[in-house]
Amino acid sequence: MPDTRFFKSAGPFKVSALAELSSSTIADQHFVDKDIIDVAPIESAGSDQVSFLDNPLYVGAFSKSNAGVCVVHPDKASHAPEGMVLLLSETPYLSYAKIASAFYPELDSIDKTADTAFVHPTAVIGKKSTIKPGVVIGARAEIGSQCEIGANCVIGPGVILGDQCKIGPAVSIQYALIGDRVRIFAGARIGEAGFGFASSESGHFTVPQLGRVIIGDETEIGANTTIDRGSAADTKIGKGCRIDNLVQIGHNVILGNGCIVVAQVGISGSTELDDFVVVGGQVGFTGHLKIGKGVQIAAQSGVMNDLPAGEKYSGSPAVPMRQWMQQAAMLRSIGRKKVRKDG
Amino acid sequence: MPDTRFFKSAGPFKVSALAELSSSTIADQHFVDKDIIDVAPIESAGSDQVSFLDNPLYVGAFSKSNAGVCVVHPDKASHAPEGMVLLLSETPYLSYAKIASAFYPELDSIDKTADTAFVHPTAVIGKKSTIKPGVVIGARAEIGSQCEIGANCVIGPGVILGDQCKIGPAVSIQYALIGDRVRIFAGARIGEAGFGFASSESGHFTVPQLGRVIIGDETEIGANTTIDRGSAADTKIGKGCRIDNLVQIGHNVILGNGCIVVAQVGISGSTELDDFVVVGGQVGFTGHLKIGKGVQIAAQSGVMNDLPAGEKYSGSPAVPMRQWMQQAAMLRSIGRKKVRKDG
Amino acid sequence: MPDTRFFKSAGPFKVSALAELSSSTIADQHFVDKDIIDVAPIESAGSDQVSFLDNPLYVGAFSKSNAGVCVVHPDKASHAPEGMVLLLSETPYLSYAKIASAFYPELDSIDKTADTAFVHPTAVIGKKSTIKPGVVIGARAEIGSQCEIGANCVIGPGVILGDQCKIGPAVSIQYALIGDRVRIFAGARIGEAGFGFASSESGHFTVPQLGRVIIGDETEIGANTTIDRGSAADTKIGKGCRIDNLVQIGHNVILGNGCIVVAQVGISGSTELDDFVVVGGQVGFTGHLKIGKGVQIAAQSGVMNDLPAGEKYSGSPAVPMRQWMQQAAMLRSIGRKKVRKDG
């Protein structure tokens, strides 16, 4: 169970309450009144804790688990050990997420600005927002209500944050308009000047970067990720996106709603991803591309062309997944043949 | 046009003034006295704004644009819509950059050290330099004149910055000598110890890193980029380089003048790039290489050998561009054939 | 020799003392009393300085060097120039590392908390620890003795650091238990929430991340590297690891002891590396893998499968090194043939 140095459980909850808040069904109604005190991983959960099975890799651990309660898809229920109470759900990971959020809700922020924070006199801070020590907030910035601004953050002049945003330590945000319930993790750099210069024989002449970064509601941005502001138009990130750590997003890039971008991806300037695009880790995009709705791109791919909606791609240069699997099989076979012949 | 929350235009300018400062020619001298109030992207510019056409992808947008004035290469002038005033230039992007810089000049820094900054008594700050809140400047550091040191920066003991440097928020600089007019963006880490250790059966023994980082005039370094100091000799970045975000530069690396390094590139220790080398995003270099003058390396390449001057390379391992295109064509054809046969 | 702006030599040392502390043998006992004032690179060392030869690339520089003393493997001794005193060692780089550490020892930290640091009243700071300006330390955090916490660091509530840790500027550490003699370089982000969410048609629902980061003694973590905390179990880094800059380590990842992870590597959630795994730059791992003891993985590889102990791998997808070399040779030959035929 979570270390009480860091986490404070809001439990216990009755099994019936967990079923209700997670939209799952108790396999045996006999156990509705059982008290569950915490969440725990499947391998280490005990009889008064709740766990979940989602990834099929963990069916073995599930069948040996001592968890008192487990959220599981009905298809996997037969693997459960004797005596385990099952919460049946078509979406067990989502159900678990809701249970874990009930045990460990976001704490309410409190109306406090630390003595060692610097808030410009013309900046506006909403109600019940917490400004941690060492924060620097520039002129005319506007922070919504119930926000938490982590220690040593820098919020530039004119920046607007919506309500209930949670900004980690040491983040910097400039030239940006941020929606509600946005989370930005430690060290992210929002709104720096893009990589823009005009090259000639006398060197590289920097082009003023005059756009903004606009981030939609409920989007989350990972640690040490960088999102440059637009050069003239804006860089735009839609609503409900999940962007991982150490991602680079260039100037004028547009992401639709619900996009998932895994760690260390690089998206070059002016490329546009439609809604619900999923990008694996370390993928690179050249600039000025259009990636269709729901496209999925495998890790380490290199995308150099527009990609139509709904397909899966892999490789560098990226090709449709099925074609890439043929390429990979061919390479594997040649390598193996050679090794066998020589070896 | 740029959001006035963040940007303040120095306009209006007469068309004649824009032509002069951008070394371009007004196609129809009739319009020299027209007042232009701002820059804007080609798609959204209005009749009192100036835009530009550089990337051929945007010829269509150009031909439908409502921009009052547009900088364009003479070859593209025929695509202009009726009534648009043209500023003809052999280098339209450079001309636009100069116009945008006239509308949005770097603001003069002012002689001010924030109350919440910590400046060691033995450090020296030049005239008209701005030290923002939360900055920490170590013993014997020397900051030139007209510099701006962003909020929560850390400048280590002994570091020297030239004049008119602009350092973004939350940057750290240690063991470094920095030239004039250098710009470093948020969160960059200059001068950390390199990745040096001697491994034996009893583990990894850290080797003291006793060199410096030396950065030439007018070089720009991206957000969250890391440049390690030398192990014994120095890590050196030449003049007028452009280094993008999240780049890793190892100890003892040497970059010549005018190099361009796109985001997420990694350059291993002691590799040397001659002048005007261009490196695409996510490229990796092994250590101790010599890359010739003007070499261009495509995105995601893996460079494992010295590369002679003036050529273009691609692939991992990197090969001459033409050879790489043959490899890629071969892979594509095999993949496609297979898919067709099986599909 | 190191710039005295930044480094202060503890020398001179007699040659005999250098031999003893580096476990090497003086080739000619005549010179035991010679005073050596400093270390220096092989190309620039003078007659009262000590250098080393390790990488065979530098044999030429060695044979022309003016270094008074040089640490060298007995096999290379014959290349030495006339008059150079040789310190013979089976492990010349390790011997040099010990000599350089004698000249430039870690300075003792002093018992001082800067006025502009914020230390929560319930936090505990060990003896002789230095807390630099702008540091923010949360409730109930415990910092060991003789630690140095760099300027503008953020140490979250409940975090524990062992003794003699050295934390660079602007690091953030949350939800973490850190061993003794750990070094963390500037801007690293330890303990942020992992990339965990349950996706459904109504969007991505964030899963609370309830684990910790646990880091073993003597491990070093590079600048701007990110290590996410576990989702339920912990993220664990063993003892004596060396992790370079801009590395991403996902939630629940486990690294054994003595692992080496070069810059810009990405390790996805729940992947486990056994002891002494070596990972080249920009390698990516998918999640839930098991990588055996002593595995070595070449730069830019993409690892998608479990890898058994003791082997070398390369490529994306990664295959055994020998097989990869056949693949690369095949690609090279086809590309070359085509170019020759067409060219």
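Residues numbered from 1 in each chain as written. Chains lettered and ligands numbered in written order. Predicted model: local features only at pLDDT ≥ 70, side-chain atom pairs only at ≥ 80, totals over all residues.

1. Thoughts on helix α3 (residues 92-103) of chain A
Residue and element names in this part refer to chain A.
Next, step 1: Look at α3: 17 Å from first C-alpha to last across twelve residues, which is about the 16 Å you get at 1.5 Å a residue.
Next, step 2: Across the twelve residues that make up α3, a large majority, ten, are buried.
Next, step 3: Within α3, burial applies to Pro92, Tyr93, Leu94, Ser95, Tyr96, Ala97, Lys98, Ile99, Ala100 and Phe103. (Helix = DSSP H or I, 4+ residues; strand = E, 2+ residues; numbered from the N terminus. Expected span 1.5 Å × (residues − 1). Buried ≥ 20, exposed ≤ 12 C-beta atoms within 10 Å, placed from the backbone.)

2. Quick word on the interface of chain A and chain C
By a widespread convention, an interface's size corresponds to the accessible area lost as its parts come together.
Next, step 1: Across the boundary between the two partners, chain A contributes 53 residues, which contact 48 residues of chain C.
Next, step 2: Of all the elements in the fold, those that place two or more residues in the side of chain A that touches chain C are α3 and α4 (321-342) of chain A.
Next, step 3: Residue contributions to the side of chain A that touches chain C peak at eight residues, all from α4(A).
Next, step 4: Split by residue class, the side of chain A that touches chain C holds 26 nonpolar, 18 polar and nine charged. (Contact = placed C-beta atoms within 7 Å. Nonpolar A, V, L, I, M, F, W, Y, C, P; charged D, E, K, R; others polar.)

3. Considering the interface of chain B and chain C
Next, step 1: Contacts between chain B and chain C engage 49 residues on the former and 52 residues on the latter.
Next, step 2: Looking at the side of chain B that touches chain C, the elements with two or more residues in it are β22 (197-200), β23 (203-206) and α4 (321-342) of chain B.
Next, step 3: No other element matches the six residues that α4(B) contributes to the side of chain B that touches chain C.
Next, step 4: Looking at the side of chain B that touches chain C residue by residue, the classes come out as 20 nonpolar, 24 polar and five charged.

4. Remarks on the relation of the copies chain A and chain C
Next, step 1: Between chain A and chain C, the superposition needs a rotation of 120° and an axial shift of 0.0 Å, giving an RMSD of 0.0 Å. Such values leave the two copies arranged in the relation of a three-fold axis.
Next, step 2: Comparing interface residues between copies, only 15% of those in chain A also sit at the interface in chain C, which points to a heterologous contact through distinct surfaces. (Least-squares fit on C-alpha atoms with pLDDT ≥ 70 in both.)

5. Considering the sheet that holds strand β4 (residues 38-39) of chain B
Residue and element names in this part refer to chain B.
Next, step 1: As summarised here, the arrangement of the five strands in space is β2-β7-β6-β5-β4, forming an open sheet in which the pairing is mixed. Two strands lie at the open edges of the sheet, namely β2 (25-26) and β4, each paired on one side alone.
Next, step 2: Direction of pairing for strand β6 (residues 69-72) relative to strand β7 (residues 85-88): parallel, over a ladder of four bridges. What sits directly across from valine 69, in β7, is valine 85.
Next, step 3: In this fold helix α3 (residues 92-103) packs onto β4, β5 (49-52), β6 and β7, with an angle of close to 140° to the strand it touches most, β6. (Pairing = 2+ DSSP bridges. Axes fitted to C-alpha atoms, helices over the stretch in contact; angles between N-to-C directions.)

6. Examining the domain arrangement of chain A
Next, step 1: Each assigned domain of chain A is listed here: domain 1 (13-103) and domain 2 (171-322).
Next, step 2: The straight-line distance from the C-alpha centre of domain 1 of chain A to that of domain 2 of chain A is 37 Å. (Domains from an automatic or database assignment.)

7. Regarding the nonpolar core
Next, step 1: Of all hydrophobic cores here, the largest spans 219 residues; its most connected members are A:Ala176, B:Ala176 and C:Ala176.
Next, step 2: Contacts of C:Ala176, omitting those with residues within four sequence positions, involve C:Val159, C:Ile190, C:Gly191, C:Arg212, C:Val213 and C:Ile215. (Core = buried A, V, L, I, M, F, W, Y, C linked by C-beta atoms within 7 Å.)

8. A word on the environment of A:Pro121
Residue and element names in this part refer to chain A.
Next, step 1: With respect to the helices and strands, proline 121 occurs in the loop between β9 (118-119) and β10 (124-125).
Next, step 2: Judged by the 5 C-beta atoms lying within 10 Å of it, proline 121 falls in the exposed class.
Next, step 3: Sequence separation between proline 121 and isoleucine 137 is 16 residues; the distance between their C-alpha atoms is 9.4 Å.

9. Some words on unusual backbone geometry
Next, step 1: Look at the link from A:Gly11 to A:Pro12: it is a cis peptide, with omega at 5°.
Next, step 2: Its place among the elements puts A:Pro12 in the segment before β1 (13-14).
Next, step 3: Cis rather than trans, the peptide bond between A:Ser316 and A:Pro317 has omega equal to 5°.
Next, step 4: Structurally, A:Pro317 is set in the loop between β39 (312-314) and β40 (319-320).
Next, step 5: Notably, B:Ser270 is not glycine yet its phi reads approximately 70°, a positive angle.
Next, step 6: As for its placement among the helices and strands, B:Ser270 is situated in the loop between β32 (266-267) and β33 (272-273).
Next, step 7: Residue class for B:Ser270 comes out buried when judged on the 23 C-beta atoms lying within 10 Å of it.

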